[in-house]
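# Coordinate analysis (summary)
Listed here are the chains, written in short residue letters.
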Amino acid sequence: MKASQVDKKTYYRGIAMMPYDLLKEVTFATLGILAVVLVLSAVLSSPDVPSVTLQSWSKANPVDFLTTASGELSGSTIVAGYGPPYNSGSGSVQSWGPLSPQSWAGVHVPINPPNDFVLQPLTQATAGDAELASALSTYQSTSGDQQQKWLANYTTGLGSATVAADGTVTVPAGDYGPVSVLMDRMLTLARSGGLDALLLTSDHFYQTDFSRPLLFLDDGGYIADLATQQKLIGSDWGVMNETGRYPGSAWLWLYTMWYQIPPFNSDTGFLGISAANTDLAVVGVMLLLTALLFLVPFIPGLRDIPRWIPIHKLIWRRHYAEMRRQAAAGAQKSP
Amino acid sequence: MSSDSAPGTGDPTPPTAQPVADDETGWTASVRRRVEKTLPITELLPTKQPAYIGSWVYLFGVVTIAALFWLVISGVVLAFFGSAWWHVSSVGLFFNSTHFWSVQMFFIFMVLHLWGQFWGAGWRDGRAKTWMVGVVIFSISVGTAFTGYVIQQNFDSQWIAINAKDAINSTGFGGLFNALNFGQMYGLHVMLMPIGVTLLVVLHIIQVRAKGVVRPIDDPMPVAP
């Protein structure tokens, strides 16, 4: 009869049994972990680096903020050309051969950067600001080509911009059309904290979706600079790191590791896997490995590894010693 | 109140305390019969176990459950006072710290338990389902931890959400599972995923108790004469 089909009395035949107090073990483990957790919490606390806001970004690095804002208005940022689930672009769409689940899924979190990040918030801020209302009207009634010329000139001007002690950004004189007014108000709005709220507003009162402000932040360089200082970027195994000197998600070491090695971080790639589709490839590899782990009991070779590498001799060393002792005793008794 | 015992027979045992009879039918009798067969109280709360479980490896599982217990308790406290509480209260920060370190303990001992069971080939002798449920628990726990990281409402959660979105989007699930949507992540983290992990852990414990601890490798069950 198979070992999987017998009752426990039969299954454990020949095995020495010992008294066992399950509830005592559970209680001691629970109290022990509580003690460790309380000590670690009292001594080391936990990480809590304050979040970045559009306000803190615009105050700390106003030129980066304006560069990003003007990029959003011109539709030239990463998010503007991202693709699903935000829009119909293709800049961040990943595929492997004919497999492109990102494209297949379509747009489900629609983001229109020029409108959502700049024009709509500014429109909401026009109350009592005739100059802004006029600038918006001029901008929106102008051809797309002219808008792009103004924005290109403004972006060039930002390269020579100066920042005063009070945070005011001065761009050299140029042909910016209404863009200079729009960007000036964007900076004012952001520095006041108003833009943080305006990017969250929607057609209903309650709001818990931070997609728009986070995508706006992601288009800038400020949050990435802070992450670099905290060693949280991908090339620093950032996925499994934590701010400060705290342990992070160490259980993600294998997932993070793939991003550090070819072909996942290679420009040329191998078998269609490269830095261009690294996320899709890494997720695919991890799903495959998880499936293998799940099915270990049924995969010849994989399920035999514990027999080939006898770590079990260490786990059950006392049991095996007892087996050897009994075998030796049996041999001595035999004539 | 009724009783199956005839008056005057002197049998004080209430009928519900007796094992379900073979001829009893119905859903309840069927479930009771199955439970009594697979998980009698002697197996659920055993007082004797094979001597070979006297190894540190066998503590990793119970310690993982202990960490999960404190993880849930500290999480309930944090959920009760609201997501912003621990940023503005020293008491809240302490409870967040207990949650943080419970997570670390939970994963450390869960991984040790996983490796212990792998090197002991714990899936042998009809225990494959126990192993598979364990792998599912580990996978869902990783997802639960992820949703926890992105609802911290601090720099870490911002950066993790921003980075993770690309991997999630690449799979086509970015619209369904939006790491930038705090409300969605909060709901998943404080309710659905912990319930899922806890229920699966209960199932895992029942599987372990019902089947018993697997025999050591190279010491198979003796074949009946």
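These figures come from a predicted structure and were not determined experimentally.

Scanning chain B from terminus to terminus reveals 8 helices and 1 strand. Helices (α) and strands (β) of chain B occur, in sequence order from the N terminus, as α-α-β-α-α-α-α-α-α. Taken over C-alpha atoms, the radius of gyration comes to 23 Å for chain B, far larger than the 17 Å a tight globule of 225 residues would show. Overall, chain B is about 70 × 55 × 40 Å in size when its C-alpha atoms are taken along their principal axes. Looking at chain B residue by residue over its 225 residues, the buried ones come to 38%.

On to the interface of chain A and chain B, then. Across the boundary between the two partners, chain A contributes 79 residues, which contact 76 residues of chain B. The greatest single-element share of the side of chain A that touches chain B, amounting to 12 residues, is contributed by helix α2 (residues 22-44) of chain A. Its residues placed into classes, the side of chain A that touches chain B shows 50 nonpolar, 18 polar and 11 charged. With 3 bridges connecting them, strand β1 (residues 17-19) of chain A and strand β1 (residues 48-50) of chain B associate as antiparallel partners. Paired with Met17(A) across the two strands is Pro50(B), which belongs to β1(B).

So, about helix α8 (residues 144-158) of chain A. Residue pairs spaced three or four apart in an α-helix point in one direction, given the helix's 3.6 residues per turn. Residue and element names in this part refer to chain A. Over its 15 residues, α8 extends 21 Å from the first C-alpha to the last, a length consistent with the 21 Å expected when each residue adds 1.5 Å. For α8, the set of buried residues is Trp 150, Leu 151, Tyr 154 and Gly 157. Seen from one end, α8 has its buried residues packed into an arc of 120°, which puts them on one side. Opposite the buried face of α8, at more than 90 degrees from it, the exposed residues are Gly 144 and Asp 145. Looking at the buried side of α8, the elements it contacts are α4 (62-74) and α9 (179-192).

All names here are of chain B. Here chain B is described as being made up of domain 1 (55-120) and domain 2 (128-210). Of note, the centres of domain 1 and domain 2, computed from C-alpha atoms alone, are 14 Å apart. Of all the elements in the fold, those that place two or more residues in the side of domain 1 that touches domain 2 are α3 (59-81) and α5 (90-119). The element that contributes the greatest number of residues to the side of domain 1 that touches domain 2 is α3, accounting for 5 residues. Class assignment of the residues belonging to the side of domain 1 that touches domain 2 gives a composition of 8 nonpolar, 4 polar and no charged.

Rules used in this analysis
Residues numbered from 1 in each chain as written. Chains lettered and ligands numbered in written order. Predicted model: local features only at pLDDT ≥ 70, side-chain atom pairs only at ≥ 80, totals over all residues. Helix = DSSP H or I, 4+ residues; strand = E, 2+ residues; numbered from the N terminus. Rg over C-alpha atoms; globule rule 2.2 N^0.38 Å. Buried ≥ 20, exposed ≤ 12 C-beta atoms within 10 Å, placed from the backbone. Contact = placed C-beta atoms within 7 Å. Nonpolar A, V, L, I, M, F, W, Y, C, P; charged D, E, K, R; others polar. Pairing = 2+ DSSP bridges. Expected span 1.5 Å × (residues − 1). Arc of directions from axis to C-beta. Domains from an automatic or database assignment.

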